[in-house]
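Fold and contact review
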Amino acid sequence: LGFSQPVKAGACGLALLITQTSIVVANAGDCKAVLYRDQRPALALNMQHNASDVREQRRLELEHPNEDNVVRCKKEWHEPVVVAVPKSGWLAVKSWLGYPVELERLEHATKYSGCYVKGRLQPTRSFGDFYLKSAEFLYNHTSGRNFLPPPEAKGSAHAPTEPLQHSFPYITSEPEVMVYPRHEDDKFIVLGSDGLWDNVTDEEAVGFVRRLLLPADSGWSANSESPQRFDAFHIGTFLKLSKKIFSTSGAVKIWLDHIFKVTTNPT
């Protein structure tokens with residue numbers, strides 16, 4: 001019909017089904033559910049589908065073996081990692097004879113950030129975003145060109161004689177489903193999108209909710225050395241973030257202002 005922009009609209013989805021015996025989590029995108037069980041560390045119930053995740057990068061590379069630009073990252077660096085070396089073969093013999101044996105070696109793991117599918121979208125699974133799912137929605141009628149850059153063949157020396165075609169779909173809406181057994185110590189689950197988890201750790205989010213829902217546990221905090229600092233600093237940070245996210249809603253902003261004052265300035 002000539003309307004191009006709607007094909008770039010999309011959303012991630014996270015759904016929970018809680019039964020008498022199980023917790024079922026279905027996720028498509030970079031949302032996350034975090035479970036708190038009494039006196040235990042926060043437990044992430046699902047994997048976030050983001051192009052910066054090495055596992056998702058490998059999956060996309062396997063699904064599109066001929067394209068070199070399926071994932072584009074703005075930042076790449078290397079971090080030192082100590083890797084254990086098993087005592088086998090000649091190393092085992094040297095160790096048995098009493099010679100010094102190096103049982104660890106230093107390697108460098110590649111890390112990525114700011115990665116996008118085809119240089120356009122961070123979530124690797126979503127609803128909508130049809131321009132990454134079908135050639136039917138590739139052309140932008142407004143600008144007169146394609147939404148995506150041309151595919152780049154892997155290995156310039158073996159470039160095909162004919163132009164490489166896009167290998168749709170690059171993303172999917174198929175959710176990843178995880179099932180966990182219910183436990184008598186299950187207390188609550190925090191659900192949030194990447195806008196939350198990019199700014200708050202799992203433990204901070206759980207600590208904030210626990211402080212509000214379980215006031216009897218007021219001595220607990222994500223920072224065990226200073227529970228009072230957790231009350232003022234972490235809750236204040238959490239609500240400031242909420243104010244920033246919901247600043248366009250007057251009613252929500254007034255409510256958050258009130259809660260912020262009550263929480264951070266107790267009488």
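Here the residue index of a chain counts from 1 through its sequence in written order. Totals for whole chains, interfaces and linings use every residue, but because this is a predicted model, local features are given only for residues with pLDDT of at least 70 and side-chain atom pairs only at 80 or more, for both listing and counting. As a rule here, side-chain values come from all non-hydrogen atoms in the structure, and water together with hydrogens is ignored.

The chain is annotated in an unreviewed UniProt entry as PPM-type phosphatase domain-containing protein from Perkinsus olseni.

Things to note about the overall build of the chain
What counts is decided by this rule: Runs of E in the DSSP output that reach at least two residues are strands. Runs of H or I that reach at least four are helices, and both are numbered from the N terminus. Whether two residues are in contact is decided by their heavy atoms, any of which lying within 4.5 Å being enough. Every accessible area reported is derived by Shrake-Rupley at a probe size of 1.4 Å, with residue values counting cover from the shown protein chains alone.
Summing up its helical and strand segments, the chain has 6 helices and 12 strands in all. Nonlocal contacts in the chain, meaning residues at least 24 apart in sequence, comprise 65% of its contacts between residues at least 6 apart. Counting only carbon and sulfur atoms, one obtains 55% of the accessible surface of the chain, whose full area is about 16,600 Å².

As for the sheet that holds strand β12 (residues 186–192)
By definition, the strands of a sheet pair up through backbone hydrogen bonds, in either a parallel or an antiparallel sense. To be explicit about the condition: Between any two strands, at least two bridges found by DSSP are needed for them to pair. Simply put, an axis is a line fit to the C-alpha atoms, just over the touching stretch for a helix, and the angle between two N-to-C directions goes from 0 to 180 degrees.
Pairing is antiparallel in the open sheet, where 3 strands are placed in the order β5-β4-β12. Each end of this open sheet is capped by a strand with a single partner; those strands are β5 (43–44) and β12. Together, β4 (32–37), β5 and β12 form the strand contacts of helix α4 (residues 202–213), whose direction differs from that of β12 by roughly 125 degrees.

Examining the sheet that holds strand β3 (residues 22–28)
Pairing is antiparallel across the open sheet formed by 3 strands, whose spatial order is β2-β3-β11. Among the strands making up the open sheet, the edge pair consists of β2 (13–18) and β11 (176–181). With strand direction ignored, the average angle separating the axes of adjacent strands in the sheet is 15 degrees. As paired elements, β2 and β3 share 6 bridges and run antiparallel to each other. What sits directly across from Leu16, in β3, is Val25.

Focus: the side chain of Asn46
Filter applied, for reference: What qualifies as a polar contact is a pair of N or O atoms within 3.5 Å, subject to a donor-acceptor requirement within protein and to the restriction that residues adjacent in sequence count only when both atoms come from side chains.
In this structure, Asn46 sits in the loop between β5 and α1 (54–63). Only 3.0 Å separates the side chain of Asn46 from the backbone oxygen of Cys31, close enough to count as a polar contact. Among the polar contacts listed, one links the side chain of Asn46 to the backbone nitrogen of Ala33, at a separation of 2.8 Å. Contact partners of Asn46, with chain neighbours within four places excluded, come to Leu14, Val25, Asn27, Cys31, Lys32, Ala33 and Tyr180.

Focus: the pairing of β4
Along a regular strand, successive side chains alternate from one face of the sheet to the other. Which entries qualify depends on this criterion: Relative accessibility under 20% of the residue-type maximum defines a buried residue, over 50% an exposed one, and the middle range a partly exposed one, all with a 1.4 Å probe and only protein chains included.
Within β4, 6 of the 6 residues are buried, leaving the element largely enclosed by the surrounding structure. Taking every second residue as pointing to the same face, both faces of β4 are buried, with Lys32, Val34 and Tyr36 on one and Ala33, Leu35 and Arg37 on the other. Of the strand pairs in this sheet, β4 and β12 are connected by 6 bridges, and their pairing is antiparallel. Across the sheet, residue Leu35 finds its bridge partner in β12, namely Ile189. Judged from the 2 bridges that link them, β4 and β5 form a sheet pairing that is antiparallel. Among the inter-strand pairings, Val34 is bridged to a residue of β5, identified as Ala44.

Quick word on the packing of aromatic side chains
To keep it simple, the criterion reads: Aromatic contacts are taken between Phe, Tyr and Trp rings whose centres are within 6.5 Å, Trp giving its six-membered ring; a plane angle under 30 degrees counts as stacked, one over 60 as edge-to-face, and the others as tilted.
Counted according to the given criterion, the structure contains 4 aromatic pairs. Their ring planes at 40 degrees and their centres at 5.5 Å tell us that Phe130 and Phe137 sit as a pair that is tilted.

Focus: the pattern of salt bridges
Our working rule: Salt bridges, as used here, are contacts in which a Lys or Arg side-chain nitrogen is within 4 Å of a carboxyl oxygen on Asp or Glu.
Under the defined criterion, the tally for this structure stands at 10 salt bridges. The salt bridge involving Arg37 is made with Asp186; its shortest N-O contact spans 2.5 Å. Highlighted residues: Arg37 in strand β4 and Asp186 in strand β12, separated in sequence by 149 residues. Across the pair, exposure class does not vary: Arg37 and Asp186 are buried alike. Residues Glu67 and Lys118 are paired through a salt bridge, measuring 2.8 Å at the closest nitrogen-oxygen approach. Placement of the pair is Glu67 in the loop between α1 and β6 (71–84) and Lys118 in the loop between β7 (104–117) and β8 (127–128), with a sequence separation of 51 residues. Given the relative accessible area of 4%, Glu67 is considered buried. Overall, Lys118 belongs to the buried group, its relative accessible area being 1%. Several salt bridges share partner residues, and in doing so they unite Arg37, Arg182 and Asp186 into one network.

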